[in-house]
Amino acid sequence: MKLETVYSYFLESTGICTDTRKIEKGCLFVALRGDNFNGNKFTQQALDKGAFKVIIDDISQHKNTGETILCKNSLELLQKLATYHRQYLNIPIIALTGSNGKTTTKEIINAVLSKKFKTIATLGNLNNHIGVPLTLLSMTKETEIGIVEMGANHKKEIEALCEIAQPNFGYITNFGKAHIEGFGSIEGVIKGKSELYKYITKEKGTLFFNADDPVQNKLLGNYPSKVGFSQTKENFYTLKQIDANPYVALQAAQTNITSTLIGAYNFTNISAGVLIGDFFDIPLNDIKKAIEEYLPTNNRSQLITKGSTQIILDAYNANPTSMMAALQHFNTIKAASKMVFLGDMFELGETAQEEHQDIVEYLSNTNIDEVHLIGSYFSKAKLQAKNYHQYKTFEQLEATFKNDIPKDTIILIKASRGMALERIVSLL
């Protein structure tokens, strides 16, 4: 079947669905395969629940009634359909990637641009080879700007996502020690993430960047269509960080903006939103309003107050770069008592134990009063002080932790997503 014909079915449908638990009547169901599932087996169930048609790649599920669309590979067809739709809409697509801060930055950019435009942005962190096509296919003829987050843990993945989304604007948050196991080294991370730069420059699109980042400056060189922000350099959009205790505040063109985000490391995430908003002619007062109204969710830099205790919940994800940044900021906060709960960082390969030990050694030079370390790597780290406590699992922490928290204490919770350390909040 021709792609144009499949696309006509998509336009007739109420949208794409890949999960029978979320089927809406009239949708186009795509049967995907994974290591532990096979969507083809749910073909009849999808039809019974009201799917308009089902895209399958298993001939045994094919029906002669016209309700199924048989193809060689359902995922590949989904991706081609998404690219075809993107070309049909022909709207600005902003793609962003990076080691840290992708989702927060994407949410801020979306909040700012939606003050003037009808936008569609990646939902949550659905930023992979399935999430990117679904994001594109959720856009409609009313959509004026698309914002697509791209994640990767191996080289060539960003390149592949760019071929699907065909962005004409791009931004990389930073290059850090994330997914080292897949990228091989920090150099591999830079090479992998900068595949977005290569695509945009090849297509002669516009790149947004942090002009104070030496790596980004080197990679972009003399590329003419680049727009940057800086605290120190002339000829770029000037932004100044004015506070981060605890909320990040900055100044743009004599206008002060106070966010609800915790951590100095969020300054660049907010700055990207200001820069891109200005580029698309959003009035500064609207940019200020969008940023000040934005509330972080999903365990990202959330500030929770319980009596005289404040909890910085940043348990959505972690790598050595983001954890060090969080601890460095936490060390600057003034409080009567400070406590941290740190969980293991994943996908670090052979350097994993060394990276966890580096974090522990940094902690020994801070003013943090009490340290709790959770996970197989942190539990093996050599301790630096008596006020350090180690737990191999969360359950071990849960069984032994004594909730004797002094008044006026501020607590940081940080870990990789798989540790699910947001559960600590209930212990406190």
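Preceding this paragraph is the structure being described.
Here the structure is a predicted model, which means the values were calculated and not measured.

**Student:** Which parts of the structure should I look at to understand helix 14 (residues 352–363)?
**Tutor:** At 3.6 residues per turn, the α-helix brings residues three or four places apart onto the same side. The terminal C-alpha atoms of helix 14 lie 17 Å apart, and with twelve residues this matches the ideal 16 Å at 1.5 Å per residue to within 8%. Taken as a whole, helix 14 has its buried residues at Ala 352, Glu 355, His 356, Gln 357, Ile 359, Val 360, Tyr 362 and Leu 363. Buried residues along helix 14 sit against helix 13 (320–332), strand 16 (337–343), strand 17 (370–374) and strand 18 (388–391).

**Student:** Before we go on, may I ask you to explain the sheet that holds strand 4 (residues 68–70) in this structure?
**Tutor:** Adjacent strands of a sheet form backbone hydrogen bonds with each other and so pair up, either parallel or antiparallel. The four strands lie next to each other as 1-2-3-4, forming an open sheet whose pairing is parallel. Two strands in the sheet have a free side with no partner beyond their single neighbour: strand 1 (16–17) and strand 4. Examined bridge by bridge, strand 3 (residues 53–56) and strand 4 share three bridges and lie parallel to one another. Following the sheet pairing, Val 54 is matched in strand 4 by Thr 68.

**Student:** I'm lost on the pattern of salt bridges in this one. Help?
**Tutor:** Where side chains of opposite charge bring their charged atoms close, a pairing between them can arise. The tally for this structure, following the rule as stated, stands at eleven salt bridges. The partner of Lys 115 in a salt bridge is Glu 293, with the nearest N and O atoms 3.2 Å apart. With Lys 115 in the loop between helix 4 (102–113) and strand 6 (119–121) and Glu 293 in helix 12 (residues 284–293), the pair connects residues that are 178 residues apart, well separated along the chain. Taking relative accessible area as the criterion, Lys 115 reaches 33% and is therefore assigned partly exposed. The partner of Lys 202 in a salt bridge is Glu 163, and the shortest N-O contact between them spans 3.5 Å. Pair noted here: Lys 202 is in helix 9 (residues 195–202) and Glu 163 is in helix 6 (residues 157–165), with a separation of 39 residues, a long-range link. One continuous salt-bridge network, built from bridges that share partners, spans Lys 106, Glu 107 and Glu 149.

Procedures and definitions
Residues numbered from 1 in each chain as written. Predicted model: local features only at pLDDT ≥ 70, side-chain atom pairs only at ≥ 80, totals over all residues. Heavy atoms only, no water. Helix = DSSP H or I, 4+ residues; strand = E, 2+ residues; numbered from the N terminus. Expected span 1.5 Å × (residues − 1). Buried < 20%, exposed > 50% of the residue type's maximum accessible area, 1.4 Å probe, protein only. Contact = heavy atoms within 4.5 Å. Pairing = 2+ DSSP bridges. Salt bridge = Lys/Arg side-chain N within 4 Å of Asp/Glu carboxyl O.

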